[in-house]
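So you can see what is in the structure, the chains are spelled out below.
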Amino acid sequence: MFGAIVVKSGRIVSTGTNNPQKTHPRAGYPRRIHAEIQVLLGTDDLKGATMYLVRVTNGGKEALSKPCQNCLREIKKSGLKSVIFSMGKGEYGKIDLRDVAPN
Ligand SMILES: [Zn+2]
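My aim in this report is to walk through the structure given alongside it, one point at a time. (Residues numbered from 1 in each chain as written. Predicted model: local features only at pLDDT ≥ 70, side-chain atom pairs only at ≥ 80, totals over all residues.)

Once that is clear, we can look at the nonpolar core. With 17 residues, the main nonpolar core has A4, V6, V39, M51, I75, L80 and V83 as its most contacted residues. Looking at this core, the elements with two or more residues in it are β1 (2–8), α1 (35–41), β3 (50–56), α2 (69–78) and β5 (82–88). (Core = buried A, V, L, I, M, F, W, Y, C linked by C-beta atoms within 7 Å. Buried ≥ 20, exposed ≤ 12 C-beta atoms within 10 Å, placed from the backbone. Helix = DSSP H or I, 4+ residues; strand = E, 2+ residues; numbered from the N terminus.)

Given below as structure tokens:
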């Protein structure tokens with residue numbers, strides 16, 4: 001399971017999950033929408049907010065949830081400030097979006 005939330009000023013403004021059973025409503029065939037994109041679509045209140053990502057394996061362990069390049073591009077465009085992602089074993093990494101080149 002892959003989960004994403006966006007927090008702004010201590011408040012959750014959007015949540016998303018990457019559920020393999022669910023497909024994008026507009027997709028003509030089964031296709032996953034990444035949790036990062038789903039959570040961006042859930043709110044307009046993204047400027048300066050922080051996204052938290054966590055991946056949990058079927059065995060219930062945290063695993064690496066660093067966003068893919070496509071998602072990172074969309075996250076950068078959205079105006080978010082930073083992304084915190086699980087790295088497994090209870091450790092978390094951080095991406096400061098000011099350090100990500102826009103394209
Ligand atoms: Zn992605």
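A separate point is α2. For α2, every residue scored as buried is listed here: C71, I75 and S78. With its buried residues spanning 55 degrees around the axis, α2 presents them on a single face. Set apart from the buried face of α2 by more than 90 degrees, the exposed residues are Q69 and N70. Turning to α2, the residues buried within the fold contact α1, β3 and β5. Positive backbone phi, approximately 95 degrees, marks G79, located one or two places after α2. (Arc of directions from axis to C-beta. Contact = placed C-beta atoms within 7 Å.)

So, on to the environment of I12. The residue I12 is located in strand β2 (residues 11–18) in this model. Looking at I12, the number of C-beta atoms within 10 Å reads 12, which means it is exposed. Residues I12 and T50 lie 38 residues apart in sequence; the distance between their C-alpha atoms is 9.6 Å.

Burial analysis of strand β6 (residues 91–96) places just zero of its six residues in the buried class, which makes it a mostly uncovered element. Between β5 and β6, which pair antiparallel one after the other, the connecting turn spans two residues, and K89 there sits at a positive phi close to 55 degrees. (Pairing = 2+ DSSP bridges.)

Our focus in this paragraph is unusual backbone geometry. Of note in the backbone geometry, S9 takes a positive phi value of approximately 50 degrees without being a glycine. Among the structural elements, S9 can be located in the loop between β1 and β2. By C-beta crowding, S9 is classed as exposed, having 8 other C-beta atoms within 10 Å. The backbone of K89 shows a phi angle near 55 degrees, a positive value even though the residue is not glycine. Residue K89 is classed as exposed on the basis of its C-beta count, with 8 C-beta atoms lying within 10 Å.

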